[in-house]
Every structure is written in C-alpha cells, then in structure tokens.
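Observations on the model geometry
The chain contents come next:
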Amino acid sequence: MQELKKVGILAHPKRKATFPVAQRIESSLQKRGIKTCLYEQWDETDVSDDIRYVQMAVAIGGDGTMFRAARACAPHNVPVLGVNMGRLGFVTEIARPDDWDAALDRVLAGDYWIESRMMITAQVYQDGTLKMQSDAVNDVVISGDGPGRMVQLDAYIDNHWTTTYNTDAIIIATPTGSTAYALAVGGPILPPDLKNILIVPTAPHLSMDRAIILSEGSTVGVKSADENRNGMLITVDGIQLGTLTSDDVVRISASEHSSSFVRLRSRSYFYRSLLDRLEPRITSSGKRNVSLDNIISMKQHTDGQRDPEA
Ligand SMILES: NC(=O)c1ccc[n+]([C@@H]2O[C@H](COP(=O)([O-])OP(=O)(O)OC[C@H]3O[C@@H](n4cnc5c(N)ncnc54)[C@H](O)[C@@H]3O)[C@@H](O)[C@H]2O)c1
Ligand SMILES: Nc1ncnc2c1ncn2[C@@H]1O[C@H](COP(=O)(O)OP(=O)(O)OP(=O)(O)O)[C@@H](O)[C@H]1O
C-alpha cells in the first residue's frame, strides 16, 4: 500500500451508530496529518470519484458494508480496512471500534499485509446485447422470482451445456462467498487465495445436487431451460441486480478486478477465524497458541528423555 496521504471513510448509511465512530476515525487520521473524505450516505457510484484518490478505505459496518466498499474500491486498487459494527463481520479485520487507534498505529508502522481476493463478473445478455453487468465479491444467485418457485436452469461450463438444474436457485460463488450462502446450502469451504468459481444449487429436485468447483479461468453460463418461464431474479452479493426473462443469458467469469483487504492478523488467520466466527461454541481449551510443530518437538523431547531400560 502506498504511504497514507488520504483515507476514505465509509459508514453504514442505515446504522447511525456508525456515524460517531466514523467521525472519531476521521479526527484520529487528521491529527496525524492524513486527509480524509467521509461518507455517511453513499452508494458505490457516489464514492468512486473520491475513492480513486485515496490510498486506503475504512469501512464501518458488517460484511455487507465491506462488500459495497470492496466493489467501489477494487477498480482503483484501493484496499479496505473493516471495522466491525455488524452482526458477524466475517471479512472485517478490526473486531471493535475501540481497537481502532492500535490498528491505525500498526498500519502507519507498516505492520500489516494486503489480502487480495478474486471477484466475479456477471454479464446479462438479451438478444445478444449486454443488458446488465456487475462485479461480485461473494456470489451471483439466479433464482425464481418468489419463495417456493422452482426454476429450470441450463448450465454451461466453458461455453458447453453441462446440466439442467431443477432448483430454487443456483449460487455461483467466489472462494470468499464459499463461507456465505453457498456454505448454508452445504457447499465446500474454499480458502480465500484460490481463484476458482464454485457452483452450488439450493434445494435441487431430481437434478445435480452436488457443488462443483471449476478450474481456474473457467466460465459459467446460465439460461432458463423453459422457454415459457416468466419471473427469474439475478442477485449480486445479496443485492437484487434485476429480473431475467427466459431469453436472457447470464455469463459469469473471473473479474478483471480483485478486492483487497488490509489484514493485521497472521497470514494463517482464515481457518482460525472460521472457528471463532462460524463455530463460536467450540472453545480452544488453551490450544490457541500451540502449533503442530510444537507438539511434535515436545513429543521428541519427552521420548528422548525416557529411560529406554525402564
Ligand atoms: N441462507 C443464507 O445463508 C443466505 C441467504 C441469502 C444471502 N446470503 C448471503 O448474504 C450475502 C450478503 O451479505 P450481507 O451481509 O450484505 O447480507 P445480510 O446482512 O443479509 O447477511 C447475510 C449473513 O451472511 C454473512 N456473510 C456474508 N458474507 C459472508 C462471507 N463471505 N463469509 C461468511 N459469512 C458471510 C453475513 O455476515 C450475515 O450474517 C450474500 O452474498 C449471500 O452469500 C446468505
Ligand atoms: N452503503 C450501504 N448502502 C445501503 N445499504 C447498505 C450499505 N452498507 C450495507 N448495507 C446493507 O445493510 C444490511 C446490513 O449491513 P451489514 O451487512 O454491513 O451489517 P450486518 O448485516 O449487521 O453485518 P454482517 O453482514 O456482518 O452480519 C446489508 O443488507 C447491507 O447490504
């Protein structure tokens, strides 16, 4: 990351408790001579003019806020540092606003690393013309237009028909999204440094019911298999992008942009964070700072001390 001269601060527009925190963060940066631009009410297009001139963005909220910030920042290669004021905050880095000052000191001392994560692009074509397009950090979901409505979807992998799903929806996820909706419907967990697309159907009926992980660089095409079917929806990171007709074709591929996150935890944080945030009932019982190498060398040491004649 370049030297911090200007930082963007993005609060959660619908959660007023984030506003005073954003102002405290702004004054702590200004006291250190760093310029700021603060947004309380914003969407991705509002911030893009300012975001291109910052070296880092601070997102204050939960995962949804992080994804909005990441989608706005990715085209400008601006990394996002998340302060959790949401419920789960799986991708945020700073657990509580009170930890901000210590975190800022570490960033200014260069004691951080940047995690880059793949994004996907969904393009919707109607009569051969591009009608909608969006990047996603987590996932693209193609579903019926209401609860309990099954859709029949033809899936194409690398341009060729692969299968037809009878399902509530199909989720096309990034490795980041593998711990979100895809996880809830039984999909596998992928480490965030992979660059593979994951396809998981939700409630498939007498059709392919397993998740598929594609090779790096592969693309997915989705089209209604039923010419007469009317309502379908396309949702990107939980936000409805639009409706689909039975003639529309959706193509999903790796985006040319990557999201990047400022990390202060160790590079091996991901698996531990799964346990901390997704399985809070499992306690570490003092094993948190024990490595496998420690256990093996302690065992060698104890065995070496044992009297072979005993
Ligand atoms: N049944 C489900 O689990 C379900 C249903 C719809 C959407 N979603 C997910 O919600 C995402 C949007 O998140 P949001 O926070 O804007 O909406 P939201 O506020 O509705 O939150 C959905 C929940 O999923 C968690 N979450 C989101 N992304 C995650 C990730 N990558 N890893 C672990 N947990 C994650 C959030 O923290 C939150 O608890 C969508 O991309 C989709 O994956 C999940
Ligand atoms: N800038 C924004 N503008 C409009 N809506 C937003 C914005 N940021 C977040 N939201 C929406 O508000 C909702 C809740 O936000 P967010 O996900 O950040 O908090 P949360 O749900 O409490 O946290 P988590 O997702 O970590 O459980 C989400 O649906 C999110 O998409």
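About the criteria used
Residues numbered from 1 in each chain as written. Chains lettered and ligands numbered in written order. Predicted model: local features only at pLDDT ≥ 70, side-chain atom pairs only at ≥ 80, totals over all residues. Heavy atoms only, no water. Domains from an automatic or database assignment. Contact = heavy atoms within 4.5 Å. Buried area = accessible area lost by both parts, 1.4 Å probe. Salt bridge = Lys/Arg side-chain N within 4 Å of Asp/Glu carboxyl O. Polar contact = N/O pair within 3.5 Å; in protein donor to acceptor, adjacent residues only side chain to side chain. Nonpolar A, V, L, I, M, F, W, Y, C, P; charged D, E, K, R; others polar. Helix = DSSP H or I, 4+ residues; strand = E, 2+ residues; numbered from the N terminus. Buried < 20%, exposed > 50% of the residue type's maximum accessible area, 1.4 Å probe, protein only. Arc of directions from axis to C-beta. UniProt positions renumbered as here; feature names shortened; annotations may be inferred. Near = heavy atom within 4 Å. Areas by Shrake-Rupley, 256 points an atom, 1.4 Å probe, with all protein chains shown as cover. Disulfide = S-S within 2.5 Å.

Segmentation of the protein into domains returns domain 1 (6-112 + 264-278) and domain 2 (119-256). Between the C-alpha centres of domain 1 and domain 2 the distance comes to 29 Å. Counting from both sides, the interface comprises 11 residues of domain 1 and, opposite them, 14 residues of domain 2. For the pair domain 1 and domain 2, the two sides together bury roughly 940 Å², of which 78% comes from carbon and sulfur. A per-residue breakdown of the area domain 1 buries against domain 2 is headed by F67, R71 and F270, which together make up 54% of the total. Across the contact surface, domain 1 and domain 2 share 1 salt bridge. Note that D237 and R71 form a salt bridge whose closest N and O atoms lie 2.5 Å from each other. Taken together, the connections running from domain 1 to domain 2 amount to 1 residue pair in polar contact (both at pLDDT 80 or more). In terms of residue class, the side of domain 1 that touches domain 2 is built from 9 nonpolar, no polar and 2 charged.

Unlike most non-glycine residues, D127 shows phi in positive territory, near 50°. Within the element layout of this structure, D127 appears in the loop between β5 (113-126) and β6 (129-136).

With that out of the way, let us pick up helix α4 (residues 100-108). Of all the positions in α4, only W100, A103, L104 and V107 are classed as buried. Projected onto a plane normal to the axis of α4, the buried residues spread over an arc of 100° and lie on a single side. On the buried face of α4, the contacting elements are α1 (18-31), β3 (56-61), β4 (80-84) and β16 (249-263).

Following the UniProt record, the feature "active site" (unreviewed entry) maps to D63 here. Considering the arrangement of structural elements, one finds D63 in helix α3 (residues 63-73). Residue D63 is classed as buried on the basis of its relative accessible area of 17%. The residues contacting D63, other than those within four sequence positions of it, are L88, G89, F90, V91 and T92.

Our next topic: the site of ligand 2. Residues in contact with ligand 2 amount to 15 residues; listed here are only the nearest, G62, G64, T65, R87 and G89. Measuring from an oxygen atom of ligand 2, one finds a side-chain N or O atom of R68 at 3.0 Å. In the complex, 80% of the free accessible area of ligand 2, which totals 610 Å², lies under the protein chains. Broken down by element, the shell around ligand 2 gets its largest block of residues, 4 residues, from α3. When the residues that make up the shell around ligand 2 are grouped by side-chain class, the tally is 3 nonpolar, 7 polar and 5 charged.

What follows concerns the state of the cysteines. Put plainly, two cysteines are in a disulfide when a covalent bond ties their sulfur atoms together. Overall, the coordinates contain 0 disulfides when judged by the stated rule. Cysteine C37 shares no disulfide, and the gap to the nearest cysteine sulfur, in C73, comes to 9.6 Å. Judged by its relative accessible area of 9%, C37 is buried.

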